[in-house]
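The chain contents come next:
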Amino acid sequence: MNLGRRDFLLTGGMAMAGSLLVPASAWAGSGPSTSGQMNAYLDYFEVSMETLRKVISAAMSKGGDYADLYFEHTISSSLGLQDGKVNRAYSNVDFGVGIRVLKGDQTGFAYSEDVSTESMMSAALMAASIASSAGNFTPPATVEKKPADYYRISRKWEEVPVQEKIPFVQKINDRVFALDNRVVKVSAGLSDEARFVLFYNSEGKITWDYRPLVSFNALSVMQQGQQIENSYAARSFRKGYEWLSDDLVEEIARETVDRTAILFDAVKPRAGEMPVVMGAGGSGILLHEAIGHTFEADFNRKGTSIFSDKMGKKVAEPFINIIDDGTLDHNRGSINIDDEGNDVQKTYLVKDGVLNSYIHDRISAQHYKVSPTGNGRRQSFRHVPIPRMRATYMDPGPHTREEIFAAVDYGVYVDNFTNGQVQIGAGDFTFFVKSGYLIEKGKLTRPIKDINIIGNGPRALADISMAADDYLIDNGTWSCGKDGQSVPVTCGLPTVLVKKLTVGGTNA
């Protein structure tokens, strides 16, 4: 099949196995920055440079300071398994353009699911109404910006028929049942998406991106006597179909079974304030939620974050470095460009214990008179970009896990977080911990489960007294919600000791 973009939209999910009009090499950013590559995206969205200049001029016609156009086409699908069979399938095609106008720190925004010149002009004039003076704008010369290339793939998801995906979901079900005779139920899912992006702004910048994303997960339910337990494991990357393998099935299946099996022997610790050791990897969700959000520049610009007056000041021990990174190869949180057309980068939020940078989009960067950090992100063309995290993690520290455990007489080790609540401005948090261990006299002893960890993010950061050399990124299916928008992220952490947090357990 040789489909243009409009034909592809009309055929919808039924055309998932078809090939698109433009060769794969045009999407991945693998070649030199050429007008041919730019033209491939213009042709794909069926717009011309003349049209883009006309629409951006309309957006600037009422005296706006800046405007941008964000075109997006997303093709997504998912499979679900219950009761031993793949019995759910879903596919979706989404398409449109978002038009934003800035006047000072105010935003005018409109979007259209139709990219005809008439529809875009109407949306541009609506967004332009944030300003009220006569505009005299002439589009500058076009400057192509070649995006980075952090997620090279061999086979695109939109080219893979559902029949090739089903066996992997079925295999993970069969493997979980085979690993432990206490398994009574398995749920599994595979979801993938391909997102095409074209960006143009009133400064003449034009750039593009192709964003693959895949998630694979399994949940096992096990029964021992009258006791029933469950746990979950997942992986998510910006990779292509070639990522699926029997080894991946085995990895996820064993992890979900091991996580579930340990819960049969788990107890609850006594409640109270005590040392808490955060395990490497997934514990980074606490770093993301309770600390990372307070570094986002919009909260600081508005004075609602506890860190709004702490730039350049000590906020943690000197061995602590916290990073937000959009450049990790194939990482779920990585992006080749942000949704404002900016380069992404590795940003040290905390450097040697000192607050070094906020997480910026265009508006906050102008407010603070710094360069954008590549964190302007949006859920889709229907949303405005705001400062958002990507992959947020802490560098390795100078200690070992053994030294950290030895420093705790009585406390808990936690490594499997699920849901939680955070008051972003102050950083107060409550997290539910699915599993972990008691620490007694410097040793891991009994497994624990179903407890709450309660504290304050900035205070917890200041109370990290030790950090190990075992930094790990957790490549699960993390998504971050903010202002009604959700974007894919990841998190990471070495094993760290927080001197004291409140643990909700038992009163015994």
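These remarks concern the structure in this document. Because the structure is predicted, anything quoted here is derived from the model rather than measured.

## Side note on the packing of aromatic side chains
Working step 1: The final tally for this structure, using the stated rule, is 16 aromatic pairs.
Working step 2: Judged by centre distance (5.8 Å) and plane angle (90°), the ring pair of F417 and F431 falls under edge-to-face. Pair noted here: F417 is in strand β17 (residues 410-423) and F431 is in strand β18 (residues 428-440), with a separation of 14 residues, a long-range link.
Working step 3: Judged by its relative accessible area of 2%, F431 falls in the buried class.
Working step 4: One cation-aromatic arrangement involves R155 over Y241; the distance from NZ or CZ to the ring centre is 5.0 Å.
Working step 5: Between K351 and the ring centre of Y348, over which it is positioned, the NZ or CZ distance is 4.2 Å.

## Some details on the pattern of salt bridges
Opposite charge on two side chains allows them to pair when their charged atoms are near.
Working step 1: Here the structure, examined in full by the defined rule, presents 33 salt bridges.
Working step 2: Where K156 meets E158, a salt bridge forms, and the shortest distance between an N and an O atom there is 3.8 Å.
Working step 3: The partner of K482 in a salt bridge is D298, with the nearest N and O atoms 2.9 Å apart. Of this pair, K482 sits in strand β22 (residues 479-482) while D298 sits in helix α8 (residues 297-301), and the two are 184 residues apart along the sequence.
Working step 4: Given the relative accessible area of 4%, K482 is considered buried.

## Section: a positive patch on the surface
Working step 1: Residues K314, R459, K499 and K500 make up a contiguous surface patch of positive charge.
Working step 2: Considering the arrangement of structural elements, one finds K499 in strand β25 (residues 496-504).

## What to know about the sheet that holds strand β11 (residues 322-325)
Working step 1: Pairing within the open sheet is mixed, and its 6 strands lie in the order β13-β12-β11-β16-β24-β21. Looking at strand neighbours, the two that pair on one side only are β13 (354-355) and β21 (472-474), the edges of this open sheet.
Working step 2: Pairing between strand β16 (residues 391-394) and strand β24 (residues 490-493): 2 bridges, direction parallel. The residue of β24 that forms the bridge with A391 is T490.

## Details of the pairing of β17
Working step 1: Pairing between strand β10 (residues 272-278) and β17: 3 bridges, direction parallel. Bridging across to β17, M278 finds its partner in V414.
Working step 2: Here 11 bridges tie β17 to β18, and the two strands are oriented antiparallel to one another. Each bridged residue has a counterpart across the sheet, and for V422 the counterpart in β18 is F429.
Working step 3: Where β17 hands over to β18, the hairpin turn is made up of 4 residues, of which G427 adopts a positive phi near 85°.

What counts as what
- Residues numbered from 1 in each chain as written.
- Predicted model: local features only at pLDDT ≥ 70, side-chain atom pairs only at ≥ 80, totals over all residues.
- Heavy atoms only, no water.
- Phe/Tyr/Trp six-rings, centres within 6.5 Å; stacked < 30°, edge-to-face > 60°.
- Helix = DSSP H or I, 4+ residues; strand = E, 2+ residues; numbered from the N terminus.
- Buried < 20%, exposed > 50% of the residue type's maximum accessible area, 1.4 Å probe, protein only.
- Lys NZ or Arg CZ within 6 Å of the ring centre and 35° of its normal.
- Salt bridge = Lys/Arg side-chain N within 4 Å of Asp/Glu carboxyl O.
- Patch = residues over 30% accessible without salt bridge, like charges linked within 9 Å, V, L, I, M, F, W, Y side chains within 5 Å.
- Areas by Shrake-Rupley, 256 points an atom, 1.4 Å probe, with all protein chains shown as cover.
- Lys, Arg positive; Asp, Glu negative; His and termini not counted.
- Charge placed at Lys NZ, Arg CZ, Asp CG, Glu CD.
- Pairing = 2+ DSSP bridges.

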